[in-house]
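Here's the letter readout for the chains.
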Amino acid sequence: MDMFHSSLKPEDVKFFYSILYQYEKEEKGNHTGYSYKDVPSEIKDKVTLVHDTNKKKIDLKYPETLNTLCFKGKSVCAPLLKHLRHSLAHACIEREGDYYVINSQKNPKCQICGKVKRKDLMNLVNAILSTKEEK
């Protein structure tokens, strides 16, 4: 039996596992306390986030523009973390040089897709995680 070989490097697996671990440690329905507005603009402006709004649901399609993530969810933080967690769990993340390619084959279990610079995504996620209110 051949082992599957991912293009993710150990530091990538560690990063995505930290998201998975954080998400799983929170009680179901308690993925709150994150504040996208508290993420510094120099970090959040590097990644374009396309998602549902109260007025309009998006069609989930792989964006043509680099550093763009398209995902389902009306808010940003909890849905983004959830979808990144699912992307790792369902093997929908690959690495191409300095970029993460997320759900390029449109796996329906992963409601996020796009190609984003590794450092920019890491900075964004870490900034989001740092806004978590402690109870």
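Remember, it's a predicted structure, so these values are computed and weren't measured experimentally.

> What should I look at first to understand the overall build of the protein in this one?
Helix and strand counts for the protein stand at 4 helices and 5 strands. Reading the secondary structure of the protein in the N-to-C direction produces α-α-β-β-α-β-β-β-α. Whereas a compact globule of 135 residues would reach a radius of gyration of roughly 14 Å, the protein reaches 14 Å, a difference of no more than 12%. With the C-alpha coordinates aligned to their principal axes, the bounding extent of the protein is approximately 45 × 30 × 30 Å. When burial is assessed residue by residue, the protein has 42% of its 135 residues classed as buried. In the protein, the share of contacts with a sequence separation of at least 24, taken over all contacts with a separation of at least 6, comes to 58%. Accessible surface, the protein: about 8400 Å² in total, of which carbon and sulfur atoms supply 51%.

> What's the story with the pairing of strand E5 (residues 112-117) in this structure? I'm lost.
In summary, the side chains of a regular strand alternate between the two faces of the sheet. Relative to E5, strand E2 (residues 68-71) runs antiparallel, the two sharing 4 bridges. Bridge pairing links Thr68 to Lys115 in E5. In the sheet, strand E4 (residues 99-102) pairs with E5 via 4 bridges, with the strands oriented antiparallel. Bridge assignment links Tyr99 to a residue of E5, and that residue is Lys117.

> Sorry if this is basic, but what is going on with the pairing of E2 here?
Burial of E2 is two-sided: the residues Thr68 and Cys70 facing one way and the residues Leu69 and Phe71 facing the other way are all buried. In this sheet, E2 lies alongside strand E1 (residues 48-51) in parallel orientation, the contact comprising 4 bridges. The residue bridging Leu49 from the neighbouring strand is Leu69, located in E2.

Calculation notes
- Sequence order as written defines residue numbering, which begins from 1 separately in each chain.
- This being a predicted model, a pLDDT of at least 70 is required before a residue's local features are given, and a value of 80 or more before pairs of side-chain atoms are given or counted; all residues contribute to the totals for chains, interfaces and linings.
- Side-chain descriptors were evaluated using all non-hydrogen atoms of the structure, hydrogens and water having been removed beforehand.
- Numbering of helices and strands starts at the N terminus; helices are DSSP runs of H or I of at least 4 residues and strands are runs of E of at least 2.
- The globule rule used for comparison is 2.2 Å times the number of residues to the exponent 0.38, while the radius of gyration itself is calculated over C-alpha atoms.
- When a residue's accessible area, from a 1.4 Å probe over protein chains only, is under 20% of the maximum for its type it is buried; when over 50% it is exposed; and in between it is partly exposed.
- Contacts are assigned to residue pairs that have any heavy atoms within 4.5 Å of one another.
- The method behind every accessible area is Shrake-Rupley, applied with a 1.4 Å probe, and residues are considered shielded solely by the protein chains displayed.
- When DSSP locates at least two bridges between a pair of strands, those strands are taken to pair.

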